[in-house]
Amino acid sequence: SRWHWAPVLARAWRYSGNFEYLNLMNKLMKNWNMNNSYNLGLNWNCAQEVSIRLIHALQAWYIADSDDFIPSEILENRILFVKDHLRRICQTLIYSKAQKNNHYLSESAALYIGSIWLRNTFYSDKERIKKWEFLGLKGLNFCVKKLIFTDGSFSQHSINYHRYLLDVLTQVEFFRRLYKKQKFSVNFYRKCKLATIWLITMVDEKSGDAS
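The rules we used
Along each chain, numbering runs from 1 in the same order as the chain's sequence is written. Confidence filtering applies because this is a predicted model: local features only for residues at pLDDT of at least 70, side-chain atom pairs given and counted only at 80 or more, and all residues used for totals across whole chains, interfaces and linings. To get the side-chain values, take all heavy atoms of the structure and skip hydrogens and water. Put simply, DSSP marks the helices as runs of H or I at least four residues long and the strands as runs of E at least two long, and each gets a number from the N terminus on. Any Phe, Tyr or Trp ring, taking Trp's six-membered ring, that has another such ring centre within 6.5 Å forms a pair; planes under 30 degrees apart are called stacked, those over 60 apart edge-to-face, and the others tilted. Think of it in three bands: residues with accessible area under 20% of the maximum for their type are buried, residues over 50% are exposed, and the middle band is partly exposed, with areas taken using a 1.4 Å probe on protein chains only. Note on geometry: axes are C-alpha line fits, over the in-contact stretch for helices, and angles between N-to-C directions span 0 to 180 degrees. When describing relative orientation, an angle under 35 degrees is termed roughly parallel and one over 145 degrees roughly antiparallel, while 65 to 115 degrees is termed roughly perpendicular and anything else oblique. Note on convention: the crossing is left-handed when the near helix lies turned anticlockwise from the far helix by less than a right angle, right-handed when the turn is clockwise. Pairs of residues are marked as contacts when any of their non-hydrogen atoms sit within 4.5 Å. Residue type decides the class: Asp, Glu, Lys and Arg count as charged, Ala, Val, Leu, Ile, Met, Phe, Trp, Tyr, Cys and Pro as nonpolar, and the leftover types, Gly among them, as polar.

**Description of unusual backbone geometry**
Move 1: Positive phi, normally seen in glycine, also occurs at Asn 39, with a value near 65°.
Move 2: Tracing the backbone shows Asn 39 in the loop between helix H2 (19-35) and helix H3 (47-65).
Move 3: Here the phi dihedral of Lys 180 falls at roughly 55°; this positive angle occurs in a residue that is not glycine.
Move 4: Within the fold, Lys 180 resides in the loop between helix H8 (159-178) and helix H9 (186-202).

Listed below in structure tokens is the structure:
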């Protein structure tokens, strides 16, 4: 239910041109939505899991769609999907912020990416989009400032969490550039660079293992 399979199938479709990959991706997405009504069941329980699913969905749609025309019915379903995920994230955002860890980072990233995606659709509630984008930006700036230390290390002392940090921030920057949004501050990018350098120093170039 993190939808990690979605961008994988989208890439397989783009690389191979085999519609079986695209059809399977769409089938799995439709099946999941039919069996997981908004805010009901375990798959809506954790806002970080919701955030990861949303980012994977947006990655997959970007890869699969390219410049293709999106029928209005499909776009409407996608807007509802994104809106529901952003609504769910906001419900427990205070709790996530209090943890000061990867949860708040993930959820802030999803709010930011999801809101700027919605800006490029016909979704009409601009005030709600503005609120979600504001909360996302606020959280991202907080996480980069407070959770990445001056030596580039992450507040959660784990190579896996550090890689996750950089994966999430890479997606944030990718979608920011895609939708031509304002750049983050100089200090924001400086911290990101420090975190990248820190990971480089910990990873063996040949094996990929971390020391």
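**Describing the packing of aromatic side chains**
One pair of aromatic rings is described through two measures. These are the centre distance and the angle between the planes.
Move 1: In total, this model carries 16 aromatic pairs according to the counting rule given.
Move 2: When the ring of Tyr 104 is compared with that of Phe 142, the centres are 5.8 Å apart and the planes differ by 65°; the resulting orientation is edge-to-face. With Tyr 104 in helix H6 (residues 102-119) and Phe 142 in helix H7 (residues 126-147), this residue pair connects regions lying 38 residues apart in the sequence.
Move 3: A relative accessible area of 21% places Phe 142 in the partly exposed class.
Move 4: An angle of 75° between the planes, with centres 6.2 Å apart, marks the rings of Phe 184 and Tyr 189 as edge-to-face.
Move 5: On the accessibility criterion, Phe 184 (11% relative accessible area) is buried.
Move 6: Ring pairs connect the aromatic residues Trp 3, Trp 5, Trp 32, Tyr 38, Trp 44, Trp 61, Phe 81 and Trp 117, which therefore count as one cluster.

**With respect to the packing of helix H4 (residues 72-91) against H6**
Move 1: Packing of H4 against H6 leaves a shortest axis separation of 10 Å and a crossing angle of 150°. On the basis of the axis angle, H4 is roughly antiparallel to H6. Crossing of H4 over H6 shows left-handed handedness. Facing H4, whose interface residues are Leu 75, Arg 78, Ile 79, Val 82, Leu 86, Ile 89 and Cys 90, H6 presents Glu 107, Ala 110, Leu 111, Gly 114, Ser 115, Trp 117 and Leu 118.
Move 2: Of the residues belonging to the contact of H4 with H6, the class tally is 10 nonpolar, two polar and two charged.

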